[in-house]
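Report on the structure
Spelled out from the first residue to the last, the chains are:
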Number of protein chains: 2
Amino acid sequence: MQYPQPIAKLIEGFTYLPGIGPKTATRLAFHILDMKEDDVLSFAKALVHAKRDLTYCTRCHHITDTDPCYVCEDMKRDQTTICVVQEVRDLIAMEKMREYTGLYHVLHGAISPMDGIGPEDIKVVELIKRLQEDDNKQEVIIATNPTIEGEATAMYISRLLKPTGIKVTRLAHGLPVGGDLEYADEMTLSKAIEGRREI
Amino acid sequence: MQYPQPIAKLIEGFTYLPGIGPKTATRLAFHILDMKEDDVLSFAKALVHAKRDLTYCTRCHHITDTDPCYVCEDMKRDQTTICVVQEVRDLIAMEKMREYTGLYHVLHGAISPMDGIGPEDIKVVELIKRLQEDDNKQEVIIATNPTIEGEATAMYISRLLKPTGIKVTRLAHGLPVGGDLEYADEMTLSKAIEGRREI
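What you see is a predicted model; the values in this text were computed from it and never measured. (Residues numbered from 1 in each chain as written. Chains lettered and ligands numbered in written order. Predicted model: local features only at pLDDT ≥ 70, side-chain atom pairs only at ≥ 80, totals over all residues. Heavy atoms only, no water.)

1. Considerations on the packing of helix α3 (residues 37-53) of chain A against helix α1 (residues 5-15) of chain B
Defined as follows: Axes here refer to lines fitted to C-alpha atoms; in helices the fit is confined to the stretch in contact. Angles between the N-to-C directions go from 0 to 180 degrees. Put simply, DSSP H or I for four residues or longer makes a helix, DSSP E for two residues or longer makes a strand, and each gets a number counted from the N terminus. Left-handed describes a crossing whose near helix is turned anticlockwise from the far helix by less than a right angle; the clockwise case is right-handed. Contact definition: two residues touch when any of their heavy atoms are within 4.5 Å.
In contact at an axis separation of 8 Å, α3(A) and α1(B) are set at 145 degrees when each is read in the N-to-C sense. Judged by the twist between their axes, the crossing of α3(A) over α1(B) is left-handed. Contacts between α3(A) and α1(B) involve A:F43, A:A46, A:L47, A:H49, A:A50 and A:D53 on the former and, on the latter, B:P6, B:K9, B:L10, B:G13 and B:F14.

2. Some thoughts on the packing of helix α6 (residues 124-133) of chain A against helix α7 (residues 148-161) of chain A
Residues and elements named next belong to chain A. Going by this rule: In this scheme, roughly parallel covers angles under 35 degrees and roughly antiparallel covers those over 145, while 65 to 115 is roughly perpendicular and the rest are oblique.
Two elements in contact, α6 and α7, have axes whose closest approach is 11 Å; the angle formed by their N-to-C orientations is 30 degrees. Overall, the two elements α6 and α7 adopt an arrangement that is roughly parallel. As α6 runs across α7, the sense of the crossing is right-handed. Across from V124, L127, I128 and L131 in α6, the residues of α7 making contact are Y156, I157, L160 and L161.

3. Here's the deal with helix α2 (residues 22-34) of chain B
Residues that lie three or four places apart on an α-helix share one face, since the helix turns once every 3.6 residues. Going by this rule: An expected span of 1.5 Å times one less than the residue number is assigned to each helix. For every residue, the accessible area obtained with a 1.4 Å probe (protein chains only) is divided by the maximum for its type, and the residue is called buried under 20%, exposed over 50%, and partly exposed between those limits.
Its 13 residues give α2(B) an end-to-end C-alpha distance of 19 Å, which sits within 8% of 18 Å, the value for a rise of 1.5 Å per residue. Within the sequence span of α2(B), burial applies to B:A25, B:T26, B:L28, B:A29, B:F30, B:I32 and B:L33. Looking at the buried residues of α2(B), the elements they touch are α3, β2 (63-64) and α5 (88-97) of chain A together with α1 and α3 (37-53) of chain B.

4. With respect to the pattern of salt bridges
All names here are of chain A. Formally: The rule for a salt bridge is simple: a side-chain nitrogen of Lys or Arg has to be within 4 Å of a carboxyl oxygen of Asp or Glu.
Taken as a whole, this structure holds eight salt bridges over all chains when the rule is applied. Two residues, R77 and E95, come together in a salt bridge whose shortest N-O distance is 2.8 Å. With R77 in the loop between α4 (70-73) and β3 (81-85) and E95 in helix α5, the pair connects residues that are 18 residues apart, well separated along the chain. With relative accessibility at 12%, the residue R77 sits in the buried group. With relative accessibility at 10%, the residue E95 sits in the buried group.

5. Here we look at the sheet that holds strand β5 (residues 139-142) of chain B
Residues and elements named next belong to chain B. Filter applied, for reference: One requirement defines pairing of two strands: DSSP has to find at least two bridges between them.
Ordered by their spatial adjacency, four strands build an open sheet running β4-β3-β5-β6, and the pairing between neighbours is parallel. Of all strands in the sheet, those with a lone pairing partner are β4 (103-106) and β6 (167-170), marking the two edges. Direction aside, neighbouring strands of the sheet carry axes that sit 25 degrees apart on average. Where β5 lies against β6, four bridges are found, and the strand directions are parallel. Paired with I141 across the strands is T169, a residue of β6. In the packing of helix α5 (residues 88-97) onto the sheet, contacts are made with β3 (81-85) and β4, and the angle to β4 comes to roughly 160 degrees.

6. Digging into the confidence of the model for chain A
Residue and element names in this part refer to chain A. The criterion, for reference: Summary of the metric used: pLDDT quantifies the predictor's per-residue confidence within the range 0 to 100.
Summing up the model confidence of chain A, the mean pLDDT is 90 and the portion of residues at 70 or higher is 99%. Of all secondary-structure elements in chain A, the lowest mean pLDDT belongs to helix α8 (residues 186-194), at 82, while strand β4 (residues 103-106) reaches the highest, 96. Quick note on the complex model: pTM equals 0.73, ipTM equals 0.74.

7. A short note on the sheet that holds β3(A)
Residues and elements named next belong to chain A. Overall, parallel pairing links the four strands, which are arranged β4-β3-β5-β6 in an open sheet. A strand with exactly one partner marks an edge of an open sheet, and here the two such strands are β4 and β6 (167-170). Strand-to-strand twist in this sheet, taken as the mean axis angle between neighbours without regard to direction, amounts to 25 degrees. Across the sheet, α6 is in contact with β3, β4 and β5 (139-142); its angle to β4 comes to roughly 150 degrees. Across the face of the sheet, α7 comes into contact with β3, β5 and β6 while running at roughly 170 degrees to β6.

8. Quick word on the packing of aromatic side chains
Note the following rule: Ring pairs are drawn from Phe, Tyr and Trp, using the six-membered ring of Trp, whenever the two centres fall within 6.5 Å, and their geometry is named by plane angle: stacked under 30 degrees, edge-to-face over 60, tilted for the rest.
Scanning all chains against the criterion turns up six aromatic pairs over all chains. Judged by centre distance (5.1 Å) and plane angle (80 degrees), the ring pair of A:F43 and B:F14 falls under edge-to-face. In this pair, A:F43 is assigned in helix α3 and B:F14 in helix α1, connecting two distinct chains. Its relative accessible area of 3% is what places A:F43 among the buried residues. What makes B:F14 buried here is its relative accessible area of 0%.

9. Notes on the UniProt feature "domain: Toprim" (unreviewed entry) in chain A
Stated precisely, the cut-off is as follows: UniProt positions are given in the numbering used here, feature names are shortened, and annotations may be inferred rather than shown by experiment.
Feature annotation in UniProt assigns "domain: Toprim" (unreviewed entry) to the following positions: residues 80-176 of chain A. With 35% helix and 18% strand, the stretch residues 80-176 of chain A has end C-alpha atoms that lie 28 Å from each other.

10. Topic: the side chain of A:H105
All names here are of chain A. The criterion, for reference: Think of a polar contact as two N or O atoms within 3.5 Å of one another; within protein, one of them needs to be a possible hydrogen donor and the other a possible acceptor, and neighboring residues in sequence only count if both atoms come from side chains.
Mapping H105 onto the fold places it in strand β4. Polar side-chain contacts of H105 include one of 2.8 Å to the backbone oxygen of K123. Reaching out from H105, the side chain makes a polar contact with the side chain of R130 at a distance of 3.1 Å.

In C-alpha cells, the structure reads:
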C-alpha cells in the first residue's frame with residue numbers, strides 16, 4: 001500500500017498542473033500538510049473563487065469579475081486608442097509600465113497555421129466589430145509578440161483595418177534596454193538599424 | 001491597477017508553496033482558469049481533506065487517516081522489527097521496494113546542531129518509549145539518510161539502544177546500482193571497499 005487516500009488524491013491534483021511532475025507534486029502536498037489549516041482553507045477558496053467568479057470582458061476579453069472590466073469602465077482612460085495584445089499576461093505587462101492609458105483588446109492567441117490556429121480562432125472578428133460599432137477609435141496599436149506568429153497576426157490585422165482609415169501602429173523592434181549588442185541576434189540588430197532615430 | 005482580485009489572490013496562494021515564484025504562480029493560476037470547474041472543485045476539496053483528515057499515527061508517526069495507521073494495524077507484518085526513517089517519504093520509498101515487511105518509526109527530522117535541531121525535536125523519545133512498552137521487538141534498522149545529519153542521528157539512536165540489548169543495524173553504504181565507479185565520490189568508494197563481500 002502507498003500513501004493514505006487523502007494525500008494520494010492531493011498529489012494527483014497537483015500533477016494536473018503544468019510543469020509539475022510526481023516528485024514536485026509530492027513535495028507540494030507534504031508542504032500543504034505542514035501549513036496552517038486557515039491558510040489551506042483560504043487557498044482552496046481562492047481556487048474555487050478564481051474559477052467561478054472570473055469571466056472575460058465582453059468588450060476587450062480581459063479576465064474580469066465585473067463586465068465590462070475595470071479597464072473598459074475607466075472613463076479617465078483614452079477612449080480613442082486600442083492596444084491589441086495576444087494574452088491577458090501581455091495586458092498586465094503593459095499596465096505595469098504605467099504609461100499607456102488607452103484601452104485594450106486581448107486576442108487570446110496568435111495566428112499560427114503550423115498549430116492549426118487561424119484568424120477565426122482568436123478574437124479578431126470581435127476587434128473588427130468593436131471598431132465598426134464605435135467610430136471614435138483613432139489608433140490601433142498592435143502589440144503582439146515579436147515572433148513569427150505575432151508578426152503574422154499583426155500583418156493580418158493591419159490589412160483588415162486598412163480600408164477603415166484607422167491608424168494602425170506596431171510596437172518598435174530593436175535592442176532591449178540593458179541588453180548586449182554582442183549577443184543580439186541578427187534579426188534584432190537588423191530591425192534596430194532599420195528603426196534607427198536621430199539623437 | 002493589476003489583476004482582478006480573485007486571480008491576484010490565487011496567484012498569491014500559489015507563491016506560498018515551496019519553489020514557486022511569482023512567474024510560475026501566475027502561470028499556474030491561469031491554468032486553473034482554463035481547467036474544468038469540476039476539476040478545480042475536486043482539487044480544492046483534496047487540499048482541504050488532506051489537511052483536515054490526515055494526522056500522524058500515535059505509534060509510528062506515519063501520516064494516516066486512521067489511528068493506528070494501516071502499517072501498524074497490519075498484523076501480517078513482522079511485529080519484531082522496526083525500521084527507523086527520517087521522513088514519511090522515506091517510509092513510502094521503503095514500501096515501494098516491497099521487500100521489507102516489518103514496522104516503521106518516522107523521526108520527522110534528523111539531529112542537526114547547525115540548524116538547532118536536537119534529539120528532543122525529533123521522535124526519538126517516542127521510539128525509546130515504544131521499545132520499552134513493547135518487549136517483543138528484536139531488531140531496529142536505522143534507515144536515516146547517508147548524510148552527516150542522518151549518520152549523527154543513527155549513532156545517537158544506536159548508543160541509546162545499546163543497553164536494551166536490541167539488535168541495531170544500519171542500511172549498507174556502497175555504490176548505487178546502475179551507478180558509475182568513475183563518478184562515485186571518495187566517501188562512497190571507501191565505504192564500498194570497507195563493506196566488500198565475498199562472491
